[in-house]
Each structure stands twice: as structure tokens, then as C-alpha cells.
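Overview (structure and organization)
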Amino acid sequence: MAAPNSVMSAAYRKIDAKLKAGDVVILDGGIGSELQEVGYPENADARPANFTWGSIAIDEAPDKLVEVHRRYAETGADVLETHTFFLNRIWSASQDGRLDLGPDDWKELALKSVRLVREGARLAGRDEVC
């Protein structure tokens, strides 16, 4: 069941209206592959195999994530996603000592990821994207 329009932000009401009208809503695409396009990680061989280097970019390369989100917003995406893929792995690695993070640092990474998405949209002149 959809949320009542009264509790939706203007951006989400716009998406809701498009969907109800049968229009297309465009989501952004792969963030990890786009991070590689903008030069992150600089040394891919230094990253452990099958790890979450892309989510680590939230702290290591926030400017690269902003650029990826800016590109998607600039090209017309209606919905931009945070880059929190496998954030659960960051939590797990912080718990068992593979990453030197505090037990709740994953929460700040999630919030920072939202801020980076919003900054990318703002730089593209698209504050209204979801």
C-alpha cells in the first residue's frame, strides 16, 4: 500500500504521480562500476577479493561518489540510490577486527552516503530527485 500523499515529500509525490500515470521512472545504475570509471579505487589490486571496497569509498573517496551521483542526476535519473551495497559486510568486518571501525560507525557511513547522493544531485541542479 502506498503512503498517503500527505506524508510524501514533493519529490516522492512526483514519482508517485508518474507511476500512477503509467510513466517511466528512471533509476540510477551500477555505482561500483561507475566508481571505477571515475578512478576509484586507484589501485584495485590492493583491495581484498570479494570485499566491499565500493562502500568503503564513502569515507575514502566521497568526492568520487558525489561525481557518480552527479552524473546520474545530470543524465536524468529520477531516483538515486545510496552506495551502501554490502554495508552489512562493513559491520561484520568491524565486529571481527578486519576493519578498524567502531561498532556503530556503519550507521554514520549510511547517513554520509545519503548526504553524498544529495550533494551529487545538488551539483547537477536536480534537488528534486528522490
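Note that this is a predicted model, so its numbers are computed, not measured.

Looking only at helices and strands, the protein has 6 helices and 0 strands in total. Counting from the amino terminus, the protein carries its helices and strands in the arrangement α-α-α-α-α-α. Taking the principal axes of the C-alpha coordinates as reference, the protein spans close to 50 × 30 × 20 Å. Within the protein, buried positions represent 35% of all 130 residues. A fraction of 70% describes how many contacts in the protein between residues 6 or more apart in sequence connect residues 24 or more apart. Carbon and sulfur atoms make up 53% of the accessible area of the protein, which totals about 7,900 Å². Across the protein, 16 positive and 22 negative side-chain charges occur, with their mean positions spaced 5 Å apart.

With that settled, the discussion passes to the pattern of salt bridges. Counting across every chain of the model gives 11 salt bridges. Taking the shortest distance from any N to any O, the salt bridge between Arg98 and Asp96 comes out at 3.0 Å. The partly exposed category is assigned to Asp96, whose relative accessible area is 46%. Note that Glu119 is salt-bridged to Arg122, the shortest N-O span being 2.7 Å.

This next bit is on the packing of helix α5 (residues 87-96) against helix α6 (residues 105-123). Two quantities define a packed helix pair, namely the angle between the axes and the distance from one axis to the other. Orientation of α5 relative to α6, taken along the N-to-C sense of each, is 155 degrees, at an axis distance of 9 Å. Taken together, the axis directions place α5 and α6 in an arrangement best described as roughly antiparallel. When the axes of α5 and α6 are compared, the crossing they make is right-handed. Here α5 contributes Leu87, Ile90 and Trp91 to the contact with α6, which in turn contributes Trp106, Leu109 and Ala110. Looking at the contact of α5 with α6 residue by residue, the class counts come to 6 nonpolar, no polar and no charged.

Attention now goes to the nonpolar core. Among the nonpolar cores identified, the biggest contains 25 residues, and Leu35, Tyr40, Ala57, Leu65, Val68, Leu80 and Ile90 are the most heavily contacted of them. Where this core is concerned, the elements lending two or more residues are α2 (31-37), α3 (53-60), α4 (62-74), α5 and α6. The element contributing the most residues to this core is α4, with 5 residues. With sequence-adjacent residues up to four places away left out, Leu65 is seen in contact with Ile31, Leu35, Ala57, Ile58, His83 and Leu116.

Per-residue pLDDT for the protein averages 86, and the proportion of residues at 70 or more is 90%. Mean pLDDT values for the elements of the protein range from 80 in α3 up to 96 in α4.

Turning our eyes to something else, we now look at the packing of α4 against α6. In the contact formed by α4 and α6, the axes pass within 7 Å of each other and the chain directions differ by 50 degrees. In terms of orientation, α4 and α6 fall into the oblique class. Crossing geometry of α4 relative to α6 is assigned as right-handed. Mapping the contact onto sequence places Pro62, Leu65, Val66, His69, Arg70 and Ala73 in α4 and Lys112, Leu116, Val117, Glu119, Gly120, Ala121 and Leu123 in α6. Of the residues that constitute the contact of α4 with α6, the class distribution is 8 nonpolar, 2 polar and 3 charged.

Rules used throughout
- Residues numbered from 1 in each chain as written.
- Predicted model: local features only at pLDDT ≥ 70, side-chain atom pairs only at ≥ 80, totals over all residues.
- Heavy atoms only, no water.
- Helix = DSSP H or I, 4+ residues; strand = E, 2+ residues; numbered from the N terminus.
- Buried < 20%, exposed > 50% of the residue type's maximum accessible area, 1.4 Å probe, protein only.
- Contact = heavy atoms within 4.5 Å.
- Areas by Shrake-Rupley, 256 points an atom, 1.4 Å probe, with all protein chains shown as cover.
- Lys, Arg positive; Asp, Glu negative; His and termini not counted.
- Charge placed at Lys NZ, Arg CZ, Asp CG, Glu CD.
- Salt bridge = Lys/Arg side-chain N within 4 Å of Asp/Glu carboxyl O.
- Axes fitted to C-alpha atoms, helices over the stretch in contact; angles between N-to-C directions.
- Parallel < 35°, antiparallel > 145°, perpendicular 65-115°, else oblique.
- Left-handed = near helix turned anticlockwise from the far one by under 90°.
- Nonpolar A, V, L, I, M, F, W, Y, C, P; charged D, E, K, R; others polar.
- Core = buried A, V, L, I, M, F, W, Y, C linked by side-chain atoms within 4.5 Å.
- pLDDT = per-residue confidence, 0-100.

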